[in-house]
Amino acid sequence: MNANCLIDVKGLKKYYKGEEVKALDGIDLEIDQGEVVVIIGPSGSGKSTMLRSLNLLEIPTAGSIIFDGEDLANPKIDINKHRQKMGMVFQHFNLFPNMNVLKNLTIAPIKLLGKKKEEAEAYAMEMLERVDLADRADAYPSQLSGGQKQRVAIVRALCMDPEVMLFDEPTSALDPEMVGEVLEVMKKLAKRGMTMVVVTHEMGFAREVATRVVFMDGGKVLEQGTPEQVFDHPQDPRLQDFLSKVL
Amino acid sequence: MNFSDLWIVNELKRTLLVDDRYMMYVNGFINTLKITGGALIVGLIIGIIIAAIRTSYDKNKETLQLKGGIGYGILSIVNWICKVYLTVIRGTPVVVQLMIMYFVVFASSSNGVLVGIVAFGINSAAYVAEIFRAGIMSVDQGQFEAGRSIGFNYFQTMRYIIIPQMFKAVLPTLLNEFIALLKETSVAGYVGVIELTKTGNIIGGRIYEYFIPLGIVAIIYLVTVLILTALVGKVERRLRKSER
Ligand SMILES: Nc1ncnc2c1ncn2[C@@H]1O[C@H](COP(=O)(O)OP(=O)(O)OP(=O)(O)O)[C@@H](O)[C@H]1O
Ligand SMILES: [Mg+2]
């Protein structure tokens with residue numbers, strides 16, 4: 001494990017219904033500081049399960065996830081502390097519908113980081129500014145477009161100052177004309193050096209932004225490398241087959 | 001013909017004015033409200049606790065099982081007790097529960113109103129608990145995941161994110177449960193509580209005529225229920241407005 005490694009996944013397995021469904025079947029993956037790792041693969045290959053295991057939304061059947069020197073898969077550790085440092089963005093935004101944008105952004109920093117309301121709000125406004133949504137601070141999620149919702153959701157995670165951001169198909173639920181604005185925000189984030197793990201079907205984004213592309217199928221990592229290696233010189237036949245369908 | 005000779009006027013006089021009988025209705029109605037209000041509070045408190053236990057069992061059993069230790073064992077026993085409670089309370093008539101409370105459990109107490117509050121409270125709690133549980137389950141699972149992924153623990157997620165949304169979803173159902181409770185308390189007369197229904201019964205017995213006294217009782221219930229129903233409608237409209 002190199003010194004830059006932020007998350008070290010070893011032998012990660014996740015089975016459902018006994019051993020009938022092997023959603024993850026032995027994953028080894030190192031994610032370094034500042035990397036943008038894009039995970040691709042066919043439907044049902046285990047991408048979401050893999051991502052959700054990183055912050056233990058799914059409880060692994062076996063294996064270890066070393067983050068900040070602790071094994072997250074160990075049930076004895078305080079997972080909540082670690083989750084604060086792992087921002088997550090969902091396909092369906094999951095904003096809190098009963099709170100306005102500002103409240104969505106500040107509730108966790110206030111309750112969990114012990115920030116003062118003014119301080120948390122000032123920080124949230126600064127972050128909103130970066131995604132051009134400062135003028136919607138008082139709006140409720142139902143008053144926002146899909147693209148705006150997802151940008152707010154990204155900011156909500158960022159307000160906790162995470163060490164890594166996890167994205168599970170952040171643009172899949174968006175109308176096509178709104179995909180761009182969300183990817184733009186993610187690109188900016190990558191440029192600022194944020195460590196990101198992104199599950200997406202946006203191959204253009206993967207090619208342009210990823211430092212590494214990981215191809216999964218059948219609960220296994222079958223191939224990984226730079227975008228050029230994976231997209232232009234795929235080795236694994238299943239990756240070749242997958243790319244021929246999506247590109 | 002003299003107005004005061006009319007049958008109906010005479011009857012109303014006998015049921016309401018003679019011996020200040022209207023005060024009996026007032027007192028009876030006050031007892032009805034006392035039992036309903038008290039039972040409502042008892043039901044809410046116990047109901048919330050049971051719903052909390054049942055949902056935390058459903059949502060945490062996987063984690064607790066993996067964690068080992070006695071946490072899972074305790075929670076599953078408590079959860080089992082709650083389930084038995086719900087089954088018994090919802091599977092037996094409230095009158096029987098009331099009589100067991102009065103003649104067996106609190107045999108030494110003659111405070112019927114208090115026993116009524118306890119009995120109807122415990123009964124109502126079973127229904128309130130299931131309303132809350134359904135409400136919590138109806139909140140999108142994504143909300144739960146958003147809360148947990150940001151670092152809130154189970155109870156913080158419940159408190160800050162799930163319960164405020166759940167409350168909005170169940171408020172109309174909850175208010176309807178209370179309207180049902182108000183009407184249910186009419187059987188408290190079985191254990192000697194002189195609430196509204198019993199009052200009508202007693203006055204009927206005194207004047208050998210039941211139509212007017214019970215009619216008045218029915219009207220008081222009806223008007224109260226109509227007022228409460230209008231309130232529920234208002235709450236529902238306001239909630240729907242804030243959804244948008
Ligand atoms: N709760 C569950 N119970 C049983 N099987 C599950 C469960 N969750 C996921 N699976 C199975 O695990 C496998 C991997 O699912 P996963 O959602 O990780 O795939 P994915 O790569 O994210 O697919 P998609 O691109 O469609 O989102 C699938 O076969 C799925 O059916
Ligand atoms: Mg998925």
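Quick caveat: nothing in here was measured; it's all calculated off a predicted structure.

### Digging into the sheet that holds strand β2 (residues 21-32) of chain A
Residues and elements named next belong to chain A. Strands sit in the order β2-β1-β4-β5 across an open sheet of four strands; the sheet is antiparallel. Each edge of the sheet is formed by a strand with only one pairing partner; in this case those strands are β2 and β5 (70-71). Two strands pair when backbone bridges link them, and strand β1 (residues 5-16) and β2 are joined in this way by nine bridges, in the antiparallel orientation. Bridge pairing in β2 links Ile-7 to Ile-31.

### So, the layout of surface pockets
Here the largest pocket defines a volume of roughly 860 Å³. Along the wall of the largest pocket there are 33 residues; nearest its centre are A:Ile59, B:Lys59, B:Asn60, B:Thr63 and B:Arg148. Elements with a minimum of two residues in the lining of the largest pocket: α2 (79-83) of chain A together with α2 (22-67), α6 (141-150) and α7 (154-184) of chain B. When residues in the lining of the largest pocket are grouped by element, the largest group, nine residues, is from α2(B).

### Some points on the packing of aromatic side chains
Within the structure shown, the criterion is met by seven aromatic pairs over all chains. Taking the centre distance of 5.2 Å and the plane angle of 85° together, the rings of B:Tyr154 and B:Phe155 count as edge-to-face. What makes B:Tyr154 buried here is its relative accessible area of 7%. Members of the aromatic cluster, joined through ring pairs, are B:Phe144, B:Tyr154 and B:Phe155. For A:Arg156, the ring lying beneath its charged end belongs to A:Phe96, and the centroid distance is 4.5 Å.

### A word on the site of ligand 1
Residues and elements named next belong to chain A. The local shell around ligand 1 holds 13 residues, among which Ser-43, Gly-44, Lys-47, Ser-48 and Thr-49 are the closest. Between an oxygen atom of ligand 1 and a main-chain N or O atom of Gly-44, the distance comes to 2.8 Å. With respect to ligand 1, the side chain of Glu-169 contributes an N or O atom lying 3.3 Å from an oxygen atom. Against a free-state accessible area of 640 Å², the protein chains account for coverage of 62% of ligand 1.

Procedures and definitions
- Residues numbered from 1 in each chain as written.
- Chains lettered and ligands numbered in written order.
- Predicted model: local features only at pLDDT ≥ 70, side-chain atom pairs only at ≥ 80, totals over all residues.
- Heavy atoms only, no water.
- Pairing = 2+ DSSP bridges.
- Helix = DSSP H or I, 4+ residues; strand = E, 2+ residues; numbered from the N terminus.
- 1 Å grid on protein atoms, 1.4 Å probe; cavity = no way out; pocket = protein on both sides within 12 Å on 5 of 7 lines; lining within 4 Å.
- Points joined across faces, edges and corners; volume = space filled by probe spheres on them.
- Phe/Tyr/Trp six-rings, centres within 6.5 Å; stacked < 30°, edge-to-face > 60°.
- Buried < 20%, exposed > 50% of the residue type's maximum accessible area, 1.4 Å probe, protein only.
- Lys NZ or Arg CZ within 6 Å of the ring centre and 35° of its normal.
- Near = heavy atom within 4 Å.
- Polar contact = N/O pair within 3.5 Å; in protein donor to acceptor, adjacent residues only side chain to side chain.
- Areas by Shrake-Rupley, 256 points an atom, 1.4 Å probe, with all protein chains shown as cover.

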